[in-house]
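Structural features, examined
One-letter residues, chain by chain:
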Amino acid sequence: MRYLVRKILSLVVVLFFASIICFLIIHFIPGDPAQAMAGPGVSAEDVEKIRVSMGLDRPLVEQYITWMGDIITKGDFGESLINQEAIGPLMAERFANTLILSFCGIFFAIIIGIPFGIVSAIKQNSFIDLATMGFSILGVSMPIFWISLILILIFSVNLGIFPATGSGTVMHLVLPTIAIGLNSLAVIARMTRSSMLEVLRQDYIRTADAKGMPYSTVILKHALKNAMIPIITTIGIQFGYLLGGAVLTETVFVYPGIGRLLVNSITRRDYTTIQGCMLVITGLFVILNTIIDLLYHYFDPRIKKA
Amino acid sequence: MEDKNIVLEVEHLKTSFFYGKKEGKAVDDISFKVKKGEILGIVGESGSGKSVTAMSVMKLLGNTKGRVVGGSINFMGRDLLAVSDKEMRQIRGKHIAMVFQEPMTSLNPVLTVGEQIAETIVVHEKVSKKEALARAKELLDTVQIPLAEKRLGEYPHELSGGMRQRVMIAMGLCCNPDLIIADEPTTALDVTIQMQILELFKKLREQYELSIILITHDMGVIAEMTDRVMVMYAGCMAEYGDTATILKNPRHPYTKALMKAIPRLDEKQEYLDAIPGVIPSIFNLPEGCRFHPRCRLATERCRKERPDAFTVDGRTVCCFKAFEEVKESL
Ligand SMILES: Nc1ncnc2c1ncn2[C@@H]1O[C@H](COP(=O)(O)OP(=O)(O)O)[C@@H](O)[C@H]1O
Ligand code: SF4
Ligand SMILES: [Mg+2]
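Predicted model, so just to flag it, every value in this text is computed and none were measured.

Residues and elements named next belong to chain B. Here helix H7 (residues 191-208) spans 26 Å end to end across 18 residues, near enough to the 26 Å set by a 1.5 Å rise per residue. Those residues of H7 that fall on the buried side of the exposure criterion are Gln194, Ile197, Leu198, Leu200, Phe201, Leu204 and Arg205. When H7 is viewed along its axis, its buried side chains cluster within an angular range of 150 degrees and face the same direction. Pointing more than 90 degrees away from the buried face of H7 are the exposed residues Thr192 and Glu206. Looking at the buried side of H7, the elements it contacts are strand S3 (39-43), helix H4 (129-142), helix H6 (161-173), strand S7 (179-183), strand S8 (211-216) and helix H8 (219-225). Immediately downstream of H7, the backbone of Glu209 shows phi near 55 degrees, a positive value.

Now the structure itself:
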């Protein structure tokens, strides 16, 4: 319980600093946001007016407090510089899409990666082991966009099974899920294998065998539960990567997630939207990490004492 | 098997470890019997093959490079070397239980004590989890763990080494086994805890007519605890028979050396100061009698030939010198 409180406190502190950095970005990147918003060929006076109306003339601290205050109290992330659309609802919608894609990706990676990792470990150096490990080296070394293109080429262009771009149906999710999940699948399979191999050498596994536990119980209960500790961490980190990696995948598959929103906003110099997206993405990372720590905690009772 | 009273009979057991082309003979022709309700001691320095003998009987070498290469293991009329992995899992934990040397690492760190005992009962006796937990609590009482109810919900790291070993013993007892193999169950524990655990074994033997194989490197424990004893050296049997007979009149030079080295229980001293040299590696075993490089009585014959077992006043000895001595005294 004290652990939980401590974790949440540190979460708040980290979020605070992250928000400051996101906020300041707008002032660090080249180009004047007021100028950018006004567009080319606008008089200096008009630019100045825009600056005042956006509050960009006020002290930084005040700007920050206004910005954060609106976000915290009203969930208001401001308006897009380009089309004055409210950023909050836009991000929420896009973010939901990203979450769906990332969850599909990590789910795909877990349900295939863990079983293959386990089989690899218990049949060490067998054909299945070598095949899995060979595949996972391939999986780790292939860049996502390249996987995406290959998948599109095979399954959309040649076989015509799945649509190449867009969203809205389950079919639309299949290729991006595989593209985004393949790397993680490889990483999770490798982690599962090495973690299982480590655990299987432990004395308590010998004990489980010595008291006549069925083989499946020894592997799935006694070994896997211990092996899960580092695997969970890996899954968490991979999920973070997926959320981040979604940026690329979303772009290739023209999938309307928050990553694509961020990329589009950057190309359009839509500073307020960039700020919002960054805050959401970093915030997510930090919260995710906390959740991983808490899960870790659940799986390893030894930490509870500390 | 003729004698209904014999629980385990091991004959000419040979177990080797294979690394590439090299064979390391960890156990090389060992025979012994365990009768109902008896405590058999296996004693020898570290590395003499005691644990490998135990693991061979339990058929727990699967995760190692070792395998049984000869002999037979007969447990209550069943040839253990012939049973399948699945059948062996039904025997282990139910009919033969094992307590290991390492109480700190032998319990699963992520399962509660209650769970680890109860699951064993559930697997072997097909009772409900609730009933199994109730029995687990009784078992903790039996092995004299205070606050048993509370301990059931605790994790191994919350217990001391002595408590963990008691949990291991409770786990071993949970299905009323016919045989418990205790592999140096007290070596890792403090002296006072050591005595308590040994007392516990004695009590359990009486209470349940349990047969116990007690492995130790300590002749003091052998004297205190066992009915019969097998002295092992470098995978071979040195001397085997009635504990009282052997302690009163040891015949094998190695047994004599071990007895001189009985550590006093109140001080922690390296045992075997009495014998110079160290036990050989299984990949580099000496010719002839394996003990000859360290034996003061070794002759040319000892260096070349391996001594056969012979029996004298109810105990078996493997030593040329001992044989001569017996012959002369006749
Ligand atoms: N897994 C293994 N691989 C190779 N050698 C082993 C293995 N386990 C035990 N040995 C060797 O077998 C011999 C007997 O070991 P062990 O039975 O553990 O001795 P003890 O229990 O009497 O101390 C030792 O020389 C040891 O090095
Ligand atoms: S056979 Fe020879 S070397 Fe071996 S114990 Fe007897 S006297 Fe010593
Ligand atoms: Mg040992």
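This paragraph deals with the pairing of strand S2 (residues 22-35) of chain B. Residues and elements named next belong to chain B. Sheet topology places strand S1 (residues 6-19) next to S2; 11 bridges connect them, and they run antiparallel. Within S2, the residue paired with Lys14 across the bridge is Asp28. Linking S1 to S2, which pair antiparallel, is a turn of two residues; within it Gly20 sits at a positive phi near 60 degrees.

Take the site of ligand 2 next. Ligand 2 sits among His252, Pro253, Cys289, Phe291, His292, Cys295, Leu297, Ala298, Cys302, Cys319, Phe320 and Lys321 of chain B. Among the residues making up the shell around ligand 2, the classes are represented as nine nonpolar, two polar and one charged.

With 29 residues of chain B at the contact, the number on the chain A side is 23 residues. Between chain B and chain A the total buried area reaches about 2200 Å² when both faces are included, carbon and sulfur atoms providing 56% of it. It is Arg89, Val110 and His157 of chain B in chain B that bury the most area against chain A; as a group they hold 28% of the surface buried on that side. Here Glu119 of chain B makes a salt bridge to Lys221 of chain A, at a shortest N to O gap of 2.7 Å.

A few words now on the site of ligand 1. All names here are of chain B. The full set close to ligand 1 counts 13 residues, and Tyr19, Gly47, Lys50, Ser51 and Val52 are the nearest of them. Contact between ligand 1 and Ser51: an oxygen atom at 2.7 Å from a side-chain N or O atom of the residue. Interatomic distance of 2.8 Å between a backbone N/O atom of Val52 and an oxygen atom of ligand 1. Contact with the protein chains removes 71% of the 560 Å² of surface that ligand 1 exposes when unbound. Counting only elements with at least two residues in the shell around ligand 1, the list comes to S1 and helix H1 (50-58). Looking at which element gives the most residues to the shell around ligand 1, the answer is H1, with three residues. Among the residues making up the shell around ligand 1, the classes are represented as five nonpolar, six polar and two charged.

A separate point is the nonpolar core. Counting 78 residues, the largest nonpolar core has Leu8, Phe32, Ile117, Leu140 and Ile181 of chain B as the members making the most contacts within it. No other element matches the seven residues that H6 of chain B contributes to this core. Counting residues in hydrophobic clusters, the runner-up holds 70 residues, among them Leu90, Leu173 and Met196 of chain A together with Val110 of chain B.

Let us now look at the packing of helix H1 (residues 2-28) of chain A against helix H12 (residues 271-299) of chain A. Residue and element names in this part refer to chain A. Interaxial distance between H1 and H12 falls to 9 Å at its minimum, and their mutual angle equals 160 degrees. The orientation of H1 relative to H12 falls into the category roughly antiparallel. For H1 against H12, the interelement crossing comes out right-handed. When H1 is examined against H12, the residues Tyr3, Leu4, Lys7, Leu11, Val14, Leu15, Ala18, Ser19, Cys22, Phe23, Ile25 and Ile26 are found in contact with a partner set consisting of Tyr271, Gln275, Met278, Leu279, Thr282, Gly283, Val286, Ile287, Thr290, Asp293, Leu294 and His297. Looking at side-chain class alone, the contact of H1 with H12 contains 16 nonpolar, six polar and two charged residues.

So, about the side chain of Ser120 of chain A. Residues and elements named next belong to chain A. Summarising the element assignment, Ser120 is placed in helix H5 (residues 87-122). Among the residues examined, Ser120 registers a relative accessible area of 0% and is labelled buried. Once residues lying within four places of it in the same chain are set aside, the contact partners of Ser120 are Ile128, Asp129, Thr132, Met133 and Arg193.

Another point: the confidence of the model for chain A. Mean pLDDT over chain A stands at 86; residues scoring 70 or higher make up 96%. Within chain A, helix H9 (residues 203-210) of chain A carries the highest mean pLDDT (96), whereas helix H13 (residues 301-305) of chain A carries the lowest (60).

Counting along an α-helix, one turn takes 3.6 residues, and residues three or four places apart therefore face a common direction. Residue and element names in this part refer to chain B. Within helix H12 (residues 320-329), burial applies to Phe320, Ala322 and Val326. Along H12, the residues classed as buried sweep out an arc of 165 degrees about the axis, all on the same side. The outward face of H12, more than 90 degrees from its buried face, is lined by the exposed residues Lys327 and Glu328. Buried positions along H12 lie against helix H11 (300-304), strand S11 (310-312) and strand S12 (315-317).

Residues and elements named next belong to chain B. What the four strands build is an open sheet, ordered S2-S1-S4-S5; its pairing is antiparallel. Single-partner strands in this sheet number two, and they are S2 and strand S5 (78-79). Looking at chain direction, S1 and strand S4 (residues 66-75) are connected through eight bridges and run antiparallel. Paired with Leu8 across the bridge in S4 is Phe75. Contacts between H1 and the sheet are confined to S1, S2 and S4, with S1 contributing the most and set at about 110 degrees to the helix.

Opposite charge on two side chains permits pairing when their charged atoms draw close. Evaluation of the coordinates by the stated rule reveals 35 salt bridges over all chains. Two residues, Arg206 of chain A and Asp203 of chain A, come together in a salt bridge whose shortest N-O distance is 3.9 Å. Of the two residues, Arg206 of chain A and Asp203 of chain A both sit in helix H9, three residues apart, roughly one turn of that helix. A salt bridge links Arg315 of chain B to Asp313 of chain B, with the nearest nitrogen and oxygen atoms 2.9 Å apart. According to the relative accessible area criterion, Asp313 of chain B is partly exposed, its value standing at 44%. When salt bridges with common partners are traced through the structure, they connect Lys211 and Lys221 of chain A together with Glu115, Glu119 and Lys129 of chain B into a single cluster.

Scoring rules and cut-offs
- Residues numbered from 1 in each chain as written.
- Chains lettered and ligands numbered in written order.
- Predicted model: local features only at pLDDT ≥ 70, side-chain atom pairs only at ≥ 80, totals over all residues.
- Heavy atoms only, no water.
- Helix = DSSP H or I, 4+ residues; strand = E, 2+ residues; numbered from the N terminus.
- Expected span 1.5 Å × (residues − 1).
- Buried < 20%, exposed > 50% of the residue type's maximum accessible area, 1.4 Å probe, protein only.
- Arc of directions from axis to C-beta.
- Contact = heavy atoms within 4.5 Å.
- Pairing = 2+ DSSP bridges.
- Near = heavy atom within 4 Å.
- Nonpolar A, V, L, I, M, F, W, Y, C, P; charged D, E, K, R; others polar.
- Buried area = accessible area lost by both parts, 1.4 Å probe.
- Salt bridge = Lys/Arg side-chain N within 4 Å of Asp/Glu carboxyl O.
- Polar contact = N/O pair within 3.5 Å; in protein donor to acceptor, adjacent residues only side chain to side chain.
- Areas by Shrake-Rupley, 256 points an atom, 1.4 Å probe, with all protein chains shown as cover.
- Core = buried A, V, L, I, M, F, W, Y, C linked by side-chain atoms within 4.5 Å.
- Axes fitted to C-alpha atoms, helices over the stretch in contact; angles between N-to-C directions.
- Parallel < 35°, antiparallel > 145°, perpendicular 65-115°, else oblique.
- Left-handed = near helix turned anticlockwise from the far one by under 90°.
- pLDDT = per-residue confidence, 0-100.

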